[in-house]
Amino acid sequence: MKSADLHTHTTFSDGTTAPHDLVDLAIKQKLGAIAISDHDTVDAIIPALDRAVGRDLEIIPSLELSSDDESREIHILGFFIDY
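What comes next concerns the included structure. None of the values given here were measured: they were computed from a predicted structure.

### Concerning the overall build of the protein
Now for step 1: Looking only at helices and strands, the protein has two helices and four strands in total.
Now for step 2: Reading the helices (α) and strands (β) of the protein from amino to carboxyl end gives β-α-β-α-β-β.
Now for step 3: Scaling as 2.2 N^0.38, a compact globule of 83 residues should have a C-alpha radius of gyration of about 12 Å, and the protein matches this with 13 Å.
Now for step 4: Taken along its principal axes, the extent of the C-alpha atoms in the protein is 45 × 25 × 25 Å.
Now for step 5: In the protein, buried positions account for 33% of the 83 residues.
Now for step 6: For the protein, the accessible area works out to roughly 5200 Å², and carbon and sulfur atoms hold 51% of it.
Now for step 7: Across the protein, 6 positive and 16 negative side-chain charges occur, with their mean positions spaced 15 Å apart.

Following this line, the structure appears as structure tokens:
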């Protein structure tokens, strides 16, 4: 059984890895899937999907939505979104 990382960030938000490099890293680590879940943007999903074409890695389109509740910030993860 392969593992998955369901909470990744790219350089399109606060991550340090470009989408294509994140796909390469996930494949190198033999992951079966990654969720691209940048903060408040879906811009990294298509580059990641393009990089994963023909490779053994599922890209789960995701988003980490930021919200505020009184005095605290809340992050809500959404998976399999319509990006």
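### A word on the environment of Asp56
Now for step 1: Among the structural elements, Asp56 can be located in the loop between helix H2 (45-52) and strand E3 (58-69).
Now for step 2: We classify Asp56 as exposed; its relative accessible area is 55%.
Now for step 3: Placed 30 residues apart in sequence, Asp56 and Ala26 show a C-alpha to C-alpha distance of 9.9 Å.

### Points about the pairing of strand E2 (residues 33-36)
Now for step 1: What you see with E2 is no split at all: Ala33 and Ala35 on one side and Ile34 and Ile36 on the other are buried throughout.
Now for step 2: Bridge analysis of strand E1 (residues 4-8) against E2 gives three bridges, and the strand direction is parallel. Looking at the pairing, Ala4 lines up with Ala33 of E2.
Now for step 3: You can see the chain leave E1, run along helix H1 (residues 19-28) and come back into E2, and the turn it takes is right-handed.

### A few points about the pattern of salt bridges
Now for step 1: One pass over the full model with this rule turns up four salt bridges.
Now for step 2: A salt bridge links Arg55 to Asp24; its shortest N-O distance comes to 2.8 Å. Note that Arg55 is positioned in the loop between H2 and E3 and Asp24 in helix H1, a separation of 31 residues in sequence.
Now for step 3: Accessibility expressed as a relative area gives 23% for Asp24, which makes it partly exposed.
Now for step 4: A salt bridge links Asp69 to Arg72; the shortest N-O distance between them is 3.2 Å.
Now for step 5: Asp69 gets classed as partly exposed once you look at its relative accessible area, which sits at 32%.

Each value, and the rule that gives it
Residues numbered from 1 in each chain as written. Predicted model: local features only at pLDDT ≥ 70, side-chain atom pairs only at ≥ 80, totals over all residues. Heavy atoms only, no water. Helix = DSSP H or I, 4+ residues; strand = E, 2+ residues; numbered from the N terminus. Rg over C-alpha atoms; globule rule 2.2 N^0.38 Å. Buried < 20%, exposed > 50% of the residue type's maximum accessible area, 1.4 Å probe, protein only. Areas by Shrake-Rupley, 256 points an atom, 1.4 Å probe, with all protein chains shown as cover. Lys, Arg positive; Asp, Glu negative; His and termini not counted. Charge placed at Lys NZ, Arg CZ, Asp CG, Glu CD. Pairing = 2+ DSSP bridges. Right-handed = clockwise from strand over helix to strand, strands pointing away. Salt bridge = Lys/Arg side-chain N within 4 Å of Asp/Glu carboxyl O.

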